[in-house]
Amino acid sequence: MKGARITAVVLVLAAAGWIASGHLGSNDSKSQAAVRPNEKAAKVFRVGILKTERVSHRQKLTISGRTEADKRVMITARTGGVLTDLRVKRGTVVKEGDIIAILSDEARESQVIQARAVAVQKRAEFEAKSRLIQQGNMPKLEAGNLEAQLKIAEAQLAAAEAERERGVVRAPWSGIINDVSVEVGQAAFSFSGKELAQIVSLDPMLAVVEVAERKIGGIKPGDEAEIRLVTGQTAKGKVRFVSRSASQTTRTYRVEIEIPNADGAIADGVTAEVSIRLAANEATRVPRSALVFASNGDLGLRFVNAESVVAFAPVAVVEDDQAFMWVAGIPDGASVIVEGQDFVREGQKVDAVPVAPQKTAAN
């Protein structure tokens, strides 16, 4: 029994020693494992940064519209008669004052001759009797009557000449004849008020667009604009008119851009793409790829502060310029993370390395 007890004690001590050795080994492993994270923590993540600058930027607003003739009017006859001469056709280029059509005389010339003869007679009477009044051979009260008769005769002559001039239809301004609605000898009835032809003015030409109410505040008369037509033509112009009354149906505002068109190369009614620079605002130019979404869904940029700690700034997009974006809301002079921004989080310390702008643009 004594030997058995000794054997049992030895076995218990051996088991205790074996358990103790395993526990100590585990502590050693934990201590070694505890050292490794510290070693890893010493290695910070490397990111590429780009120094930014807030500048005054004019956003480019591009809208689809159409070209429109500056002036368009139907030329009408202002007196009666038969159309005896038509000197234009569709496509005819006319200058201001050019004869468009001539109506039959209808005794207008004879009325001018008669009125002129009466006016000459009344003037001769007025001059002769005025001398008699000055000599005292006629009462002075007669002078007013003589002057009134002369003015009536002159007015009748002017009216007769104006009526004769109405028989000749002239171009009100320079332009091109777009349509002719009559023929020579057409209908032997009064042409008074009859539409003869349509004339349009192509110089200057207008590019007309409808601007949304959120953008209209950044446009003012005199702003420069670039126009690209669906025909492939390009032109430059200036804003001439900005409506202050919105369309009741679309809630947009009419904007007119005046385009020089001396050669008439730009036609009326062509679809046009108009680009206008809006009023200047403070904005920062950053690569499109640098934009990220925060955990709460905000669109913004990650940047590093003076201690190389990552921070996040929500931004508002001012303009999308293909490879680059113009944004507002980022601190002036911030070092934006442009490489590795998706692998870091706010508050994390990083190794910030400057990136060349050329490389950023290529990316």
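Residues numbered from 1 in each chain as written. Predicted model: local features only at pLDDT ≥ 70, side-chain atom pairs only at ≥ 80, totals over all residues. Heavy atoms only, no water.

- Where an unreviewed UniProt entry is consulted, the protein chain appears under the name Efflux pump periplasmic linker BepF, with the organism given as Variibacter gotjawalensis.
- Reading the Sequence similarities (unreviewed entry) entry of the UniProt record for the protein chain gives the comment "Belongs to the membrane fusion protein (MFP) (TC 8.A.1) family." (UniProt positions renumbered as here; feature names shortened; annotations may be inferred.)

## Side note on the pairing of strand β8 (residues 195-212)
Item 1. Within β8, 14 of the 18 residues are buried, leaving the element largely enclosed by the surrounding structure.
Item 2. For strand β2 (residues 54-76) and β8, the ladder comprises ten bridges, and the chain directions are antiparallel. Among the inter-strand pairings, T76 is bridged to a residue of β8, identified as E195.
Item 3. Bridge count for strand β7 (residues 175-180) against β8 is four bridges, and the pairing is antiparallel. Bridging from a neighbouring strand, I177 pairs with I199 of β8.
Item 4. With eight bridges joining them, β8 and strand β11 (residues 252-259) adopt antiparallel strand pairing. (Buried < 20%, exposed > 50% of the residue type's maximum accessible area, 1.4 Å probe, protein only. Helix = DSSP H or I, 4+ residues; strand = E, 2+ residues; numbered from the N terminus. Pairing = 2+ DSSP bridges.)

## Section: the pairing of strand β18 (residues 335-339)
Item 1. Most of β18 is tucked away: four of the five residues are buried.
Item 2. Where strand β1 (residues 45-51) lies against β18, four bridges are found, and the strand directions are antiparallel. Bridge pairing links I49 to I337 in β18.
Item 3. Two strands pair when backbone bridges link them, and strand β14 (residues 299-304) and β18 are joined in this way by two bridges, in the antiparallel orientation. Among the inter-strand pairings, F303 is bridged to a residue of β18, identified as V336.

## Quick notes on the side chain of N261
Item 1. Here N261 shows up in the loop between β11 and β12 (271-287).
Item 2. Look past the residues within four positions of N261 in its chain and what remains in contact with it is L202, D203, M205 and I266. (Contact = heavy atoms within 4.5 Å.)

## A closer look at the environment of G222
Item 1. With respect to the helices and strands, the residue G222 is situated in the loop between β8 and β9 (224-229).
Item 2. A relative accessible area of 43% places G222 in the partly exposed class.
Item 3. When the C-alpha positions of G222 and K238 are compared, they lie 5.4 Å apart, and in sequence the two are 16 residues distant.

## Re unusual backbone geometry
Item 1. A cis geometry characterises the amide bond from D203 onward to P204, with omega recorded as 5 degrees.
Item 2. In this model, S308 sits at a positive phi of 60 degrees, which is unusual for a non-glycine residue.
Item 3. Here S308 shows up in the loop between β14 and β15 (310-314).

## Side note on the nonpolar core
Item 1. In this structure, V211, I219, I227, V255, I257 and V274 are the most contacted members of the largest nonpolar core, which totals 28 residues.
Item 2. Every element with two or more residues in this core is listed here: β2, β8, β9, β10 (234-242), β11 and β12.
Item 3. Ranked by residues supplied to this core, first place goes to β8 with six residues.
Item 4. For V255, the residues in contact, after removing those within four places along its chain, are A207, V208, V209, V211, I216, I219, V239, F241 and V242.
Item 5. Listed in part, the 18 residues of the second largest apolar core include V88, A101, I177 and I199. (Core = buried A, V, L, I, M, F, W, Y, C linked by side-chain atoms within 4.5 Å.)

## Quick word on the sheet that holds strand β6 (residues 168-170)
Item 1. Sheet architecture is open: three strands sit in the order β3-β5-β6, paired in antiparallel fashion. Looking at strand neighbours, the two that pair on one side only are β3 (83-86) and β6, the edges of this open sheet. Taken over all neighbouring pairs, the strand axes of this sheet differ in orientation by 20 degrees on average, direction set aside.
Item 2. As judged from the three bridges shared by strand β5 (residues 99-103) and β6, these two strands associate in the antiparallel manner. Bridge assignment links I99 to a residue of β6, and that residue is R170. (Axes fitted to C-alpha atoms, helices over the stretch in contact; angles between N-to-C directions.)

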